[in-house]
Every structure is written in C-alpha cells, then in structure tokens.
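# Remarks on the overall topology
The lines below spell out each chain.
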Amino acid sequence: MDHSTHHLGTTHDHAAPAGGHAHGATWATAMKATLHCLTGCAIGEILGMVIGTALMWGNVPTMALAIALAFVFGYSFTLFAVVRAGVSLKAAVKVALAADTVSIAVMELVDNGIIALTPGAMDAHLADGLFWYALLGGFAVAFAVTTPVNKWMIGRGKGHAVVHAHH
C-alpha cells in the first residue's frame, strides 16, 4: 500500500515529528484534518437542510437531521479510508469515532450556533441568499475554531492522529 495517500486523495508527510504526527502538529496538518472533517459535515448538513426543507419540517427537526447527517458523513469519510487500508469494520468504527467525534462536535456547535444567531437565517428558505450566507459563514467560522482544536489533539496523538496509525 502507498503510505503517502490519505483521505480524499490528499498526501501527507508521515515522518514524525516533522510531519506533526508525534510531538506537536503542524498547522498544515491540522488544517487538512479540519478540511476533511468540514467536507463530511458540510455534505451531511446541507443534505439534512435540503431534506427537512423539502419535507416542510420545522427548524428543530430539520436542524436535528442536518446535525445527524453531518456526523454520519463526517465519520463515513474516515471509516471508508480506514477500511480501504485493510482495517476491519469494527476496528475502523472505533478509529472513526476516536478521530472525528470532537472535531465534528465542535464544528457542528459553532456552525449551527452561527446559523441560529444570524437574524432571519432559521426562517430563510433554500432559495434565499441569507440561508446560504449564514450556512457558509458558519462553516468558515467553524473551520477557524476547529483547526486549533484539531492541532492540539493531533499534537497529543488524539483525534485525526489516530487515523495515521492505520494507513
């Protein structure tokens, strides 16, 4: 197996500590981990918002679905990559939970907090610019807040660093 590949086809330097996986993490590593997490979260959250809106659900069930799907898609990106590397499904689930739970939780808390605090965003429809501005702005702020969290966790061998032991 080629050890230079990672999720979504990005490459990483696996030399430690220069690659930031053993003693401290680089900002580049933390940003890649956060972008990986954000991608899954964004797909799940947007899909949840589209489904909830299409079914004319209220704000609470729509947001609950969006958050649930953000976790599902966020975990699935890691899960598929780790299984593809030859890890059993049971072990891969444990890796995904360890790697992504804090990152996804922080991202969802920040992102949904931004949306909830943006006047009118909770009542905006998919065709409204306000809906997309609040959502994308929430993702941007969530990325900025979650990156240092991921850097701290990776530097301590936790979070996304757990994935690197399996490929």
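Below or above, wherever it landed, is the structure these notes cover. These numbers were taken from a predicted model, which means no experiment stands behind them.

### Here we look at the overall build of the protein chain
The number of helices and strands found in the protein chain is five helices and zero strands. The linear arrangement of helices and strands in the protein chain, starting from the amino end, is α-α-α-α-α. Counting over 167 residues, the protein chain shows a buried share of 41%. Once local pairs closer than 6 in sequence are excluded, the contacts in the protein chain between residues at least 24 apart make up 68%. Total accessible area on the protein chain is roughly 8200 Å²; 73% of this is exposed by carbon and sulfur atoms.

### Considering helix H2 (residues 59–84)
With 26 residues, H2 should reach 38 Å at 1.5 Å per residue; the first-to-last C-alpha distance of 37 Å fits that figure. Downstream of H2 by one or two residues, Gly-86 has phi in the positive range, about 105 degrees.

### Thoughts on the nonpolar core
The tendency in soluble globular proteins is for nonpolar side chains to be buried as a group. Core analysis: the biggest nonpolar cluster contains 28 residues, and Cys-41, Val-82, Met-107 and Ile-115 have the highest contact counts within it. Here this core gets eight residues from one element, more than from any other, and that element is helix H3 (residues 89–117).

### Points about the environment of Leu-117
With respect to the helices and strands, the residue Leu-117 is situated in helix H3. In this structure, the C-alpha to C-alpha distance between Leu-117 and Ala-134, residues 17 residues apart in sequence, is 9.2 Å.

### Comments concerning the environment of Asp-128
In this structure, Asp-128 sits in the loop between H3 and helix H4 (129–155). At 2.8 Å, the side chain of Asp-128 and the backbone nitrogen of His-125 are in polar contact.

### Re a nonpolar patch on the surface
Taken together, the side chains of Leu-47, Ile-51, Leu-55 and Trp-57 make up a nonpolar region of the molecular surface, amounting to roughly 340 Å² of accessible area. Among the secondary structure elements, Leu-55 is positioned in the loop between helix H1 (27–54) and H2.

### With respect to the side chain of Thr-78
Mapped onto the fold, Thr-78 is located in helix H2. Using a relative accessible area of 0% as the deciding quantity, one classes Thr-78 as buried. Here the side chain of Thr-78 touches His-36 through a polar contact of 3.0 Å, side chain to side chain.

### Points about H4
Taking 1.5 Å of rise per residue, 27 residues should cover 39 Å, and H4 covers 39 Å from first to last C-alpha, within 8% of that figure. Along H4, the residues classified as buried are Phe-131, Ala-134, Leu-135, Gly-138, Phe-139, Ala-142, Thr-146, Thr-147, Asn-150, Met-153, Ile-154 and Gly-155. Immediately downstream of H4, the backbone of Gly-157 shows phi near 75 degrees, a positive value.

### What about unusual backbone geometry?
Its identity is not glycine, yet Met-56 carries a phi of approximately 60 degrees, on the positive side. Positionally, Met-56 belongs in the loop between H1 and H2.

### Details of the packing of H1 against H2
Geometrically, a packed helix pair is captured by the angle between its two axes and the distance between the axes. In the contact formed by H1 and H2, the axes pass within 7 Å of each other and the chain directions differ by 145 degrees. Regarding H1 and H2, the two cross each other, and that crossing is right-handed.

### What to know about the packing of H1 against H4
Contact geometry of H1 with H4 gives a least axis separation of 8 Å together with a crossing angle of 145 degrees. The chirality of how H1 crosses H4 is right-handed. Here H1 contributes Trp-27, Thr-29, Ala-30, Met-31, Ala-33, Thr-34, Leu-35, Leu-38, Ala-42, Glu-45, Ile-46 and Met-49 to the contact with H4, which in turn contributes Phe-131, Trp-132, Leu-135, Phe-139, Phe-143, Thr-146, Thr-147, Pro-148, Asn-150, Lys-151 and Ile-154.

Quick notes on the rules
Residues numbered from 1 in each chain as written. Predicted model: local features only at pLDDT ≥ 70, side-chain atom pairs only at ≥ 80, totals over all residues. Heavy atoms only, no water. Helix = DSSP H or I, 4+ residues; strand = E, 2+ residues; numbered from the N terminus. Buried < 20%, exposed > 50% of the residue type's maximum accessible area, 1.4 Å probe, protein only. Contact = heavy atoms within 4.5 Å. Areas by Shrake-Rupley, 256 points an atom, 1.4 Å probe, with all protein chains shown as cover. Expected span 1.5 Å × (residues − 1). Core = buried A, V, L, I, M, F, W, Y, C linked by side-chain atoms within 4.5 Å. Polar contact = N/O pair within 3.5 Å; in protein donor to acceptor, adjacent residues only side chain to side chain. Patch = residues over 30% accessible without salt bridge, like charges linked within 9 Å, V, L, I, M, F, W, Y side chains within 5 Å. Salt bridge = Lys/Arg side-chain N within 4 Å of Asp/Glu carboxyl O. Axes fitted to C-alpha atoms, helices over the stretch in contact; angles between N-to-C directions. Left-handed = near helix turned anticlockwise from the far one by under 90°.

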